[in-house]
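Given next are the chains, with one letter for each unit.
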Amino acid sequence: MFRTKRSVLVRRLWRSRAPGGEEEAVAAGEPGAAAAAEARAHVCSGGRGCCPGKAGRGCRASTGAEAELKALTHAVLKRLKERQLEGLLHAVESRGGARTPCLLLPAKADSRLGQHWYPLPVLLCKVFRWPDLRHSAEVKRLCCCESYGKAHPELVCCNPHHLSRLCELESPPPPYSRYPMDFLKPTDCPDSVPSSTETGGTNCLAPGGLSDSQVLQDSGDRSHWCVVAYWEEKMRVGRLYSVQEPSLDIFYDLPQGNGFCLGHLNSDNKSQLVQKVRSKIGYGIQLTKEVDGVWVYNRSSYPIFIKSATLDNPDSRMLLVHKVFPGFSIKAFDYEKAYSLQRPNDHEFMQQPWTGFTVQISFVKGWGQCYTRQFISSCPCWLEVIFNNGVDS
């Protein structure tokens, strides 16, 4: 039977939908599915971070529900123009790695699935990204989207890769994930460690554990809102990357990537683990300065781990490492909280280097008391994001 281009695009889109969860994969006998499900269950029961399978855990879609979802999805897709179908397919098949246009549809259009009514952006996110997604409050628009920052638009973007899922921090934290604040400089390093700067000069990490963050905060340079340093274990690779634009992609291999490409840096590290983790960075992360703070979006296929003073209780003397799964966003830094945490009259607090304007991010591997690596300087590939405290939030 002759098929139109539109019908072919719709079929390809349906075949590209997100998996229904680990439970279905285990039932189907897919390789590695049982291990993945067991790992996810461990994370949900005791790990620290945002769990993408929390809402729909243990719920296997019935044949009837699958048929209803397919019919509803096809009904929505068939209303799209051919150009819109092509853009959506490109976004889905590239897993968000390619720059794709917004899919603008009427904002008031909802679709009923079972007993629930879903806005079209949520429905398409359920189909193509997160089958357990329930509500629009669970997602956040990326700054690349035309609907970003618009409260009540007539047309809303339904491109599922123009949204990320919000990482919800669990409370209270499990006690084993707490550990004393570790400093950037390892204790077994020499008193001074040279490091090249963005301008080509050379700074040193001062004796006593002072890091580049303190050097930069006193530099008086206000042309950037943050700088990024890339590290492999205890060795920094490349120069500091100064960030002026509101959004920055940090990646190893990203189609049409424009930003801080870690794959272009020359590394002398011969560790097989470092090389393995480098290859897993993939699409990496997106770092965005927004009105309420700085957000990190995990675009890679593996978890990232984040430590920030503004993510935790202001009265805590210990910081937590937060696990962020692929496709999730987290507000990694809050300027207002950071200023309040400086506490200039707290003599005890000021006896240690202040890292309130620094966020540390490790790719793939975590650190802390519940991991074999106690300090981030033992992680294969990690970032230090140093915020300019002279920039208005």
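What you see is a predicted model; the values in this text were computed from it and never measured.

Caption draft 1: Structural context of the pairing of strand β6 (residues 163–166). Note that strand β4 (residues 139–141) and β6 share 3 bridges and pair antiparallel. Within the sheet, the bridge partner assigned to Lys140 lies in β6 and is Ser164. Bridging between β6 and strand β19 (residues 328–333) involves 2 bridges; their strand directions are parallel. Its bridge partner being in β19, Arg165 is matched across the sheet by Phe328.

Caption draft 2: Representation of the packing of helix α1 (residues 5–15) against helix α4 (residues 63–77) within the structure. In contact at an axis separation of 11 Å, α1 and α4 are set at 140 degrees when each is read in the N-to-C sense. Between α1 and α4, the angle falls in the class oblique. Taken as a pair, α1 and α4 cross one another with a handedness that is right-handed. Together, Arg6, Val10, Leu13 and Trp14 of α1 and Glu66, Leu69, Lys70, Thr73, His74 and Leu77 of α4 make up the contact between the two elements. Considering only residue class, the contact of α1 with α4 consists of 5 nonpolar, 2 polar and 3 charged.

Caption draft 3: Looking closely at helix α5 (residues 82–93). The terminal C-alpha atoms of α5 lie 16 Å apart, and with 12 residues this matches the ideal 16 Å at 1.5 Å per residue to within 8%. All of the buried residues in α5 are Gln84, Leu85, Gly87, Leu88, Leu89, Ala91 and Val92. Where the residues of α5 are buried, they touch α1, α4, β1 (104–106) and α6 (120–128). Arg95 occupies a position one or two residues after α5 and carries a positive phi of about 55 degrees.

Caption draft 4: Local environment of the pattern of salt bridges. Using the criterion set out here, one finds 10 salt bridges in the structure. We note a salt bridge from Lys5 to Glu82, for which the minimum N-O separation is 3.5 Å. Placement of the pair is Lys5 in helix α1 and Glu82 in helix α5, with a sequence separation of 77 residues. On the accessibility criterion, Lys5 (44% relative accessible area) is partly exposed. Notably, a salt bridge pairs Arg299 with Asp249, separated by 3.1 Å at the nearest N-O pair. Pair noted here: Arg299 is in the loop between β15 (293–298) and β16 (304–307) and Asp249 is in strand β12 (residues 247–251), with a separation of 50 residues, a long-range link. For the pair Arg299 and Asp249, a shared accessibility class is recorded, and that class is buried. Linked by salt bridges that have partners in common, Lys5, Glu82 and Glu86 make up one network.

Caption draft 5: Representation of the sheet that holds strand β10 (residues 226–232). Strand order in the open sheet formed by 6 strands is β11-β10-β21-β20-β16-β18, with antiparallel pairing between adjacent strands. Every other strand in the sheet has two partners, leaving β11 (235–243) and β18 (322–324) as the edge strands with one partner each. Averaged over all neighbouring strand pairs, the angle between strand axes comes to 20 degrees, with direction disregarded. Summarising the sheet, β10 and strand β21 (residues 382–387) pair through 6 bridges and their orientation is antiparallel. Bridged to Val228 within β21 is Val385.

Caption draft 6: Inspection of the packing of aromatic side chains at higher detail. This structure, assessed with the given rule, holds 9 aromatic pairs. Measuring from centroid to centroid gives 6.3 Å for Tyr335 and Phe387, while their planes differ by 70 degrees, and the two rings are edge-to-face. Of this pair, Tyr335 sits in helix α9 (residues 335–340) while Phe387 sits in strand β21, placing them 52 residues apart in sequence. Under the relative-accessibility criterion, Tyr335 is labelled buried at 1%. Assessed through its relative accessible area of 2%, Phe387 is described here as buried. Grouped by ring-pair contacts, the aromatic residues Trp225, Phe333, Tyr335, Tyr339, Phe357 and Phe387 constitute a single cluster. The ring centre of Trp295 lies 4.7 Å from the NZ or CZ of Lys140, which sits over that ring.

Caption draft 7: Quick look at the nonpolar core. Val228, Val296, Ile306, Ile361, Phe363 and Phe387 are the most contacted members of the largest nonpolar core, which totals 39 residues. A per-element tally of this core places β19 first, with 4 residues. When residues no more than four places from it in sequence are discounted, the contact partners of Val296 are Ile285, Gln286, Leu287, Ile304, Ile306, Phe328, Ser329, Ile330, Ala332 and Ile361. Counting 30 residues, the second largest nonpolar core, distinct from the first, contains Leu72, Leu85, Leu124 and Phe128.

Caption draft 8: The arrangement of the sheet that holds β19 in detail. Ordered by their spatial adjacency, 7 strands build an open sheet running β4-β6-β19-β15-β14-β12-β13, and the pairing between neighbours is mixed. Strand pairing shows two members of the sheet lacking a second neighbour, β4 and β13 (259–261), which therefore form its edges. The mean angle between the axes of side-by-side strands here comes to 30 degrees, regardless of whether they run parallel or antiparallel. Summarising the sheet, strand β14 (residues 285–290) and β15 pair through 6 bridges and their orientation is antiparallel. Within the sheet, the bridge partner assigned to Lys289 lies in β15 and is Val294.

Caption draft 9: Broad picture of the pairing of β16. In β16, alternate side chains face the same way, and those of Ile304 and Ile306 on one face and Phe305 and Lys307 on the other are all buried. Note: β16 against β18, 3 bridges, orientation antiparallel. Counted as the bridge partner of Ile306 is His322 from β18.

Caption draft 10: View of the packing of α4 against α6. Two elements in contact, α4 and α6, have axes separated by 11 Å at closest approach and are oriented at 125 degrees. With respect to α6, the axis of α4 lies oblique. Relative to α6, the crossing made by α4 is left-handed. Side by side, α4 and α6 meet where Leu69, Leu72, Thr73 and Val76 of the first sit next to Leu120, Leu123 and Val127 of the second. Residue composition of the contact of α4 with α6, grouped by class: 6 nonpolar, 1 polar and no charged.

About the criteria used
- Residues numbered from 1 in each chain as written.
- Predicted model: local features only at pLDDT ≥ 70, side-chain atom pairs only at ≥ 80, totals over all residues.
- Heavy atoms only, no water.
- Pairing = 2+ DSSP bridges.
- Helix = DSSP H or I, 4+ residues; strand = E, 2+ residues; numbered from the N terminus.
- Axes fitted to C-alpha atoms, helices over the stretch in contact; angles between N-to-C directions.
- Parallel < 35°, antiparallel > 145°, perpendicular 65-115°, else oblique.
- Left-handed = near helix turned anticlockwise from the far one by under 90°.
- Contact = heavy atoms within 4.5 Å.
- Nonpolar A, V, L, I, M, F, W, Y, C, P; charged D, E, K, R; others polar.
- Expected span 1.5 Å × (residues − 1).
- Buried < 20%, exposed > 50% of the residue type's maximum accessible area, 1.4 Å probe, protein only.
- Salt bridge = Lys/Arg side-chain N within 4 Å of Asp/Glu carboxyl O.
- Phe/Tyr/Trp six-rings, centres within 6.5 Å; stacked < 30°, edge-to-face > 60°.
- Lys NZ or Arg CZ within 6 Å of the ring centre and 35° of its normal.
- Core = buried A, V, L, I, M, F, W, Y, C linked by side-chain atoms within 4.5 Å.

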